[in-house]
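So you can see what is in the structure, the chains are spelled out below.
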Amino acid sequence: MDVSSDSAKTESELVPATSDVQLTKTRNFGTSILVFLFFLLIIVFIVIQNLRDKKKTKSDNSYVDTSLYKLPLTKESIMPMVHYLNLDKKPEEEILFASKTITKNNPGDFVITNQRVVCSGLEENYELSLSSLEAALSVSNSVMKLTSGTRKYFIIFPGDQLKYALAVLRWACSKI
């Protein structure tokens, strides 16, 4: 009879041990679920952020954030800061706008200051004072035509930079 009482003790001792193991497995499973939900939440956040970024228009301009321009410009408008270092400025000259451009298959830069317009490229460079500029027109979505006397200049802008260039050029001319 002692043998059966020992086996009974062993079974009764095993039952709590089995429930402890089940409790530990349940805790591990619950922790795994929480970790999985945390990473799932992070992935959802990243996807939402990427979708928001796709809706925003990216600026094609490496010199100035054109999203800071509020068009149409008024005489009281404040120009955003332009990060263009390749221009020797005249006294009291401020750079108002700069963009990468192509003129007659001549890639370069287009710069508007409060005194002049400068087109610098690999093959050809020219500048026009704002007072000598007779017309600035958009020929298409990305092509601007500048007229000064009998000379005509066609400048090709990337992306949506033409509308900003025209707006700033007209604003600068109105300040003269």
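Computed from a prediction, not measured in an experiment: that's the story for all the values here.

Asker: Outline helix 2 (residues 161-174), supporting the account with residue identities and numerical values.
Answerer: With 14 residues, helix 2 ought to run about 20 Å at 1.5 Å a step, and its terminal C-alpha atoms sit 20 Å apart, in line with that. Every buried residue belonging to helix 2 is among Q161, L162, Y164, A165, L166, A167, V168, L169, W171 and A172, and all of these are buried.

Asker: Run through the confidence of the model for the chain, naming residues and quoting values.
Answerer: Averaged over the chain, the pLDDT score is 80; the fraction of residues at 70 or greater is 79%. Within the chain, helix 1 (residues 2-55) has the poorest average pLDDT of any element, 69, and strand 6 (residues 143-148) the best, 91.

Asker: Kindly report on the pattern of salt bridges, identifying the contributing residues and their values.
Answerer: If you walk through the whole model with that rule in mind, you get four salt bridges. Ionic pairing is found between K90 and E127, a salt bridge with its closest N-O pair at 3.6 Å. Highlighted residues: K90 in the loop between helix 1 and strand 1 (95-103) and E127 in strand 4 (residues 125-129), separated in sequence by 37 residues. One salt bridge connects E93 with R116, and the closest N-O pair in it is separated by 2.7 Å. Remark: R116 occurs in strand 3 (residues 116-121) and E93 occurs in the loop between helix 1 and strand 1; sequence separation between them is 23 residues. In this structure, E93 and R116 share a single accessibility class: buried. Each of K90, E93, R116 and E127 takes part in a single network of salt bridges with overlapping partners.

Asker: An account of the packing of aromatic side chains is needed here, citing residue identities and associated values.
Answerer: Under the definition given, this model contains four aromatic pairs. Between Y63 and Y84 the ring centres are 4.9 Å apart and the planes differ by 90 degrees, which places this aromatic pair in the edge-to-face class. Of this pair, Y63 sits in the loop between helix 1 and strand 1 while Y84 sits in the loop between helix 1 and strand 1; the two residues are 21 residues apart in sequence, bridging distant segments of the chain. Neither residue differs from the other here; Y63 and Y84 are each classed as buried. Residues F110 and F157 carry aromatic rings whose centres are separated by 5.2 Å and whose planes lie at 85 degrees to one another, so their mutual orientation is edge-to-face. Highlighted residues: F110 in strand 2 (residues 106-113) and F157 in the loop between strand 7 (151-156) and helix 2, separated in sequence by 47 residues. By relative accessible area, F110 is classed as buried at 0%.

Asker: Report on the side chain of T101, specifying residues and quantitative values.
Answerer: Of note, T101 is situated in strand 1. In contact with T101, not counting residues within four places along its chain, are N106, P107, G108, D109, F110, I155, I156 and F157.

Asker: Can you explain the nonpolar core? Please cite residues and give values.
Answerer: Buried together is how nonpolar side chains tend to be arranged in soluble globular proteins. One finds F97, F110, M144, L146 and L169 to be the most contacted residues of the largest nonpolar core, which totals 37 residues. Put simply, the parts of the chain that give this core at least two residues each are strand 1, strand 2, strand 3, strand 4, strand 6, strand 7 and helix 2. If one sorts the elements of this core by residue count, helix 2 sits on top with nine residues. Apart from the residues within four sequence positions on either side, L146 is in contact with F110, V117, L128, L133, A135, A136, R151, K152, Y153, I155 and L169.

Asker: Let's hear about the side chain of T113: which residues, and what values?
Answerer: Looking at where T113 falls in the secondary structure, it is placed in strand 2. By relative accessible area, which is 0% here, T113 ends up buried. Among the polar contacts made by the side chain of T113, one reaches the main-chain amide nitrogen of Q115 at a distance of 3.1 Å. Each residue touching T113, except ones within four places of it in the same chain, is listed here: L87, E93, E94, I95, L96, L130 and A172.

Rules and cut-offs
- Residues numbered from 1 in each chain as written.
- Predicted model: local features only at pLDDT ≥ 70, side-chain atom pairs only at ≥ 80, totals over all residues.
- Heavy atoms only, no water.
- Helix = DSSP H or I, 4+ residues; strand = E, 2+ residues; numbered from the N terminus.
- Expected span 1.5 Å × (residues − 1).
- Buried < 20%, exposed > 50% of the residue type's maximum accessible area, 1.4 Å probe, protein only.
- pLDDT = per-residue confidence, 0-100.
- Salt bridge = Lys/Arg side-chain N within 4 Å of Asp/Glu carboxyl O.
- Phe/Tyr/Trp six-rings, centres within 6.5 Å; stacked < 30°, edge-to-face > 60°.
- Contact = heavy atoms within 4.5 Å.
- Core = buried A, V, L, I, M, F, W, Y, C linked by side-chain atoms within 4.5 Å.
- Polar contact = N/O pair within 3.5 Å; in protein donor to acceptor, adjacent residues only side chain to side chain.

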